[in-house]
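The primary structure of each chain is shown beneath.
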Amino acid sequence: MASSACTKPIFPSAFTVSKSKLSRHVHVSFTSPKPIYYHYRKLSHASQRSLVVNSVLKTVDPTQTSLRRSNSEDVGSLGEKPTILVSEKLGEAGLQVLRGVGHVECAYELSQEELCTKISCCDALIVRSGTKVTREVFEAGKGRLKVVGRAGVGIDNVDLQAATEFGCLVVNAPTANTIAAAEHGIALLAAMARNVAQADASTKAGKWQRSKYVGVSMVGKTLAVMGFGKVGSEVARRAKGLGMHVIAHDPYAPADRARAIGVDLVSFDHAIATADFISLHMPLTPTTNKIFNDNTFAKMKKGVRIVNVARGGVIDEDALVRALDTGIVAQAALDVFTEEPPSKDSKLVQHENVTVTPHLGASTKEAQEGVAIEIAEAVLGALKGELSATAVNAPMVAPEVLSELAPYVVLAEKLGRLAVQLVCGGSGIKSVKIVYRSARGPDDLDTRLLRAMVTKGLIEPISNTIVNLVNADFIAKQKGLRISEERVVVDSSPEMPVDSIQVQISSVDSKFASAVSESGQISIDGRVKFGEPHLTCVGSFDVDVSLEGNLILCRQVDQPGMIGRVGNILGEQNVNVSFMSVGRTSRRNKAIMAIGVDEEPNKEALDNIGAVPAIEEFVFLKL
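Worth saying up front: this structure is predicted, and the values here are computed from it rather than measured.

Peer 1: Where do I start with the sheet that holds strand E19 (residues 500–506) in this structure?
Peer 2: Where strands meet in a sheet, backbone hydrogen bonds hold them as pairs that are either parallel or antiparallel. Read across the sheet, 6 strands follow the order E18-E17-E19-E20-E21-E22 without closing on themselves; strand pairing throughout is mixed. One side of each edge strand has no neighbouring strand; the edge strands of this open sheet are strand E18 (482–489) and strand E22 (541–546). Strand-to-strand twist of the sheet, defined as the mean angle between neighbouring strand axes without regard to direction, takes the value 20 degrees. In this structure, E19 lies alongside strand E20 (residues 522–529), joined through 5 bridges in antiparallel fashion. Of the residues in E20, the one forming a bridge with Gln502 is Asp525. Across the sheet, helix H14 (residues 399–421) touches E19, E20 and strand E21 (532–538), and the angle it forms with E20 is around 155 degrees. On the sheet, helix H15 (residues 448–459) packs against strand E17 (431–438), E18 and E19 and is oriented at approximately 140 degrees with respect to E17.

In C-alpha cells, the structure reads:
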C-alpha cells in the first residue's frame with residue numbers, strides 16, 4: 001500500500017529539516033527543547049524510510065492528572081505544599097485541616113490591589129461573601145490559582161466566567177449552614193409577625209406600648225417560599241410545623257420533593273399574589289437581580305410581609321421602601337442587603353416597619369465550624385485532583401457517581417491523549433465523536449464528566465493551555481473543536497456504567513495509517529479491565545494493552561518471531577516491556593502489535609524497530 005509520511009505537525013514548532021546524501025534518514029533540528037514524539041512509516045514504493053518528528057507542547061495540570069493519588073501526598077506545584085490564602089475569617093477547625101496539608105496565610109480586609117498582589121503566589125483562595133473575586137484576581141493568579149473556595153452557599157461574589165476561562169475550580173460549602181440559615185429565616189418570620197425587635201427597643205427606652213405592637217398570627221396563613229433549594233425546603237418544613245399553608249416557586253425544583261413535604265409548586269405570579277408571608281431563598285443571578293421591584297410589589301396582596309435571608313440584590317431596595325410607605329408591604333425582615341454593610345442613613349434600615357440583622361444566616365457556632373471544615377476539605381480535595389461534588393463551575397456529579405466513574409475518567413483522558421497523537425497535522429482537528437457502549441439507558445449514564453476528560457486529553461498535548469474539568473468545554477469551543485456523543489446499548493453487565501469508549505477523529509490524516517477505520521476516521525477503543533484502562537481496538541485491529549507509561553504501535557506482516565525480535569531490540573536498550581498484544585485481520589496477513597513500555601525508547605531503539613523488514617509502519621506514543 002503506497003503511503004507518504006506526514007511532515008506537518010499538529011501544533012507549529014520551530015525546526016529545520018535537512019537530508020544527508022549518505023544518510024537514509026531526515027535530520028531534524030529543534031530550536032526549542034520540547035518533548036518529541038517519533039513516527040516512522042516505511043514507504044512501499046521505495047527502500048527509504050522517512051522520519052517525522054512532531055514537537056508537542058505537553059502541559060500537565062498537577063491537580064487533575066490522577067484520581068487515585070494518596071490523601072497523604074503533598075499537593076501543589078512540583079510536589080511542594082500548596083499556599084492557601086484565607087481572606088476572611090474562617091473557623092479554627094477548618095484552618096487546622098488546611099494547615100495539615102498546606103501553607104496557610106490569613107489576611108483579612110484586603111483591598112482589590114492587595115488581593116491581586118498576594119494571589120500570584122497562591123494555589124488556593126478561601127473567601128466568604130465580603131471578598132470580590134473578580135476577573136482581575138484570576139488574571140493576577142497567572143495560572144497558579146487552582147481553586148477558589150466559598151465558605152457558604154452563594155457564589156455571586158465570584159466571577160464564574162473568568163474562573164472557568166482561567167481553569168480555576170470554584171467550590172462552595174452548601175450543606176453545613178443550611179439548617180442555620182433556615183432557622184434564622186424562621187426566627188425573622190416570627191420576630192417580624194410579633195414585632196419583637198421594635199417592642200424590645202421600645203421597652204428598653206422606658207416605654208410600655210402593648211397596644212402599639214399587636215402582632216399577627218402565623219397559623220393558617222400562606223407562606224410563599226421563593227426558591228425551593230436546600231434552605232428553602234428546610235424553611236418550608238418548619239413553617240408547616242407552625243401550622244402555615246406553604247406554597248413555593250422554583251423553576252428547577254422537582255415536584256415530587258415538594259409533594260413529600262406537603263408543599264405546592266406554583267408560578268411566580270401566583271405565589272406573590274396569594275401569599276401572606278414571602279420568604280426569599282433564591283440565588284442572585286442576572287435573572288433574579290431586583291426581581292422584587294415596583295412591578296412585582298404591585299401584584300402582591302396588600303399587607304404582605306417579606307423575609308430575606310438569601311441575597312440583598314434580589315430586592316430593589318428603593319422600591320421596597322415605597323411599598324412599605326404605601327402599605328402594600330406591611331413589614332420586612334432583612335438579613336442581607338445590596339451593599340453590606342448598608343449606609344448608616346439607609347431609609348430601608350431605618351424604616352420603623354423593618355427588622356434587620358447583619359447577615360447572620362449562617363452565624364451559629366455549629367454552622368461556622370461545619371462550613372469551615374466543609375470548605376477546607378473541598379479545597380484540599382480539589383488541589384489533590386479529586387472530583388468535587390460541590391464544584392459550581394464543573395460538571396455536577398453526585399459523589400456515588402464520581403466513585404463509580406473514577407476508572408472510566410482515567411480511560412477517557414488516556415484515549416483522548418492517544419488519539420490526538422495519531423493525528424498528522426493538516427488543517428487541525430475540528431470534529432470528534434465519542435461513542436459510549438453501555439447496557440444502561442441515557443437516564444442512568446451521565447457522560448458530562450467523561451466528555452470533559454476526553455476533551456482534556458485531546459487538547460492538552462497540542463496546546464500550551466492548561467485544560468482541566470472546569471474549562472474543558474470552554475476551551476474546546478474556543479478552539480473550534482466540535483465534540484459529539486453517541487450512546488450504543490449493548491448486552492453487558494448493567495453494574496458497569498460503561499462497557500467501552502470509542503474516540504473518533506474525522507477529516508484528518510493519521511501518522512499511523514492502521515488507526516484509520518473503514519469509514520475513514522481515526523478510531524480507537526478502550527475499556528476498563530480489573531480497574532485499569534486498556535486499549536482494545538485501533539482502527540480495524542483488535543488489541544489488548546494496558547494504557548500505562550508509553551506505547552508503541554507497529555503494523556507488520558503476520559509471521560513468527562516478530563514479538564521476540566522487537567522485544568530483543570527494546571531489551572538491548574534496557575527498555576522494559578510491560579504489555580504486548582497482537583491483533584490481526586487474518587492468519588499470515590496483516591497485524592498490529594501494541595507494546596507497552598515503561599521507559600521512553602531512545603532514537604537507536606526506534607531506528608532498529610523501523611529497520612525490521614516485516615514492520616511496515618509504527619508510531620511511538622507517550623501517555
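After presenting the structure, the write-up continues.
Peer 1: What exactly am I supposed to notice about the sheet that holds strand E13 (residues 277–280) here?
Peer 2: The strand order across the open sheet built from 7 strands is E12-E11-E10-E13-E14-E15-E16, with neighbouring strands paired in parallel fashion. Only two strands of the sheet have a single neighbouring strand rather than two, namely strand E12 (264–265) and strand E16 (354–356). When strand E14 (residues 304–308) meets strand E15 (residues 329–334), the two strands line up parallel, connected through 5 bridges. Bridge pairing in E15 places Ile306 opposite Ala332. Contacting strand E10 (222–226), strand E11 (245–249) and E13, helix H7 (residues 230–241) runs over the sheet at an angle of about 170 degrees to E10. Taken strand by strand, helix H11 (residues 317–326) contacts E15 and E16, and its axis lies near 140 degrees from that of E15.

Peer 1: Which parts of the structure should I look at to understand the pattern of salt bridges?
Peer 2: Scanning the model with the defined rule gives 26 salt bridges in all. Measuring nitrogen to oxygen at the nearest pair gives 2.6 Å for the salt bridge that ties Arg311 to Asp156. Pair noted here: Arg311 is in the loop between E14 and H11 and Asp156 is in the loop between strand E8 (147–150) and helix H4 (160–165), with a separation of 155 residues, a long-range link. Arg311 gets classed as buried once you look at its relative accessible area, which sits at 13%. A salt bridge links Lys456 to Glu460; its shortest N-O distance comes to 3.1 Å.

Peer 1: Is there a simple way to think about the confidence of the model for the chain in this case?
Peer 2: Close reading of the predicted structure is inappropriate where its pLDDT is low. On average, residues of the chain score 83 in pLDDT, and 84% of them reach the 70 mark or higher. Low pLDDT, under 50, characterises residues 1–5; the stretch is placed with 14 contacts to residues that sit more than four places away or in other chains. Every residue in residues 7–78 is under pLDDT 50, and counting partners more than four places away or in other chains gives 177 contacts.

Peer 1: Which parts of the structure should I look at to understand the packing of H14 against H15?
Peer 2: A pair of packed helices is captured by two measures, namely the crossing angle of their axes and the spacing between those axes. Following both chains from N to C, one finds H14 and H15 inclined at 30 degrees, their axes separated by 7 Å at the closest point. When the axis of H14 is compared with that of H15, the two are roughly parallel. Classified by chirality, the crossing of H15 by H14 is right-handed. Contacts from Leu402, Leu405, Tyr408, Val409, Ala412, Glu413, Gly416, Arg417, Ala419 and Val420 of H14 reach H15 at Leu449, Leu450, Met453, Val454, Lys456, Gly457 and Leu458. For the contact of H14 with H15, the residue count by class is 12 nonpolar, 2 polar and 3 charged.

Peer 1: How should I be thinking about the nonpolar core in this particular structure?
Peer 2: Most often, soluble globular proteins have nonpolar side chains that are buried together. By size, the foremost hydrophobic cluster in this structure holds 53 residues, and its most contacted members are Leu422, Leu535, Leu551 and Leu553. Among all residues touching Leu551, those that are not within four sequence positions of it are Leu418, Leu535, Val545, Ala594, Ile595, Gly596, Val619, Phe620, Leu621 and Leu623. With 29 residues, the next largest nonpolar core counts Val314, Ile315, Leu324 and Val354 among its residues.

Peer 1: I tried to follow helix H13 (residues 365–383) on my own but got confused; where do I start?
Peer 2: Because an α-helix completes one turn every 3.6 residues, residues spaced three or four positions apart along the sequence face the same direction. With 19 residues, H13 should reach 27 Å at 1.5 Å per residue; the first-to-last C-alpha distance of 27 Å fits that figure. Turning to H13, its buried residues number three or more, namely Ala367, Val371, Ala372, Glu374, Ile375, Ala376, Ala378, Val379, Leu380, Gly381, Ala382 and Leu383. In this structure, the buried residues of H13 make contact with strand E5 (83–86), helix H1 (92–99), strand E7 (124–127), E8, strand E9 (169–172) and helix H5 (178–193). Looking one or two residues past H13, Gly385 carries a phi angle of roughly 90 degrees, positive in sign.

Peer 1: I would appreciate a short explanation of the pairing of E17 in the present structure.
Peer 2: When a strand is regular, its side chains alternate between the sheet's two faces. As defined by bridge partners, E17 adjoins E18 across 8 bridges and the pair is classed as parallel. If you follow Lys433 over to E18, its bridge partner there is Ser484. In terms of strand pairing, E17 meets E19 through 7 bridges, oriented antiparallel. Across the sheet, the residue bridging to Arg437 is Ser500, located in E19.

Reading the values: rules and limits
- Residues numbered from 1 in each chain as written.
- Predicted model: local features only at pLDDT ≥ 70, side-chain atom pairs only at ≥ 80, totals over all residues.
- Heavy atoms only, no water.
- Pairing = 2+ DSSP bridges.
- Helix = DSSP H or I, 4+ residues; strand = E, 2+ residues; numbered from the N terminus.
- Axes fitted to C-alpha atoms, helices over the stretch in contact; angles between N-to-C directions.
- Contact = heavy atoms within 4.5 Å.
- Salt bridge = Lys/Arg side-chain N within 4 Å of Asp/Glu carboxyl O.
- Buried < 20%, exposed > 50% of the residue type's maximum accessible area, 1.4 Å probe, protein only.
- pLDDT = per-residue confidence, 0-100.
- Parallel < 35°, antiparallel > 145°, perpendicular 65-115°, else oblique.
- Left-handed = near helix turned anticlockwise from the far one by under 90°.
- Nonpolar A, V, L, I, M, F, W, Y, C, P; charged D, E, K, R; others polar.
- Core = buried A, V, L, I, M, F, W, Y, C linked by side-chain atoms within 4.5 Å.
- Expected span 1.5 Å × (residues − 1).

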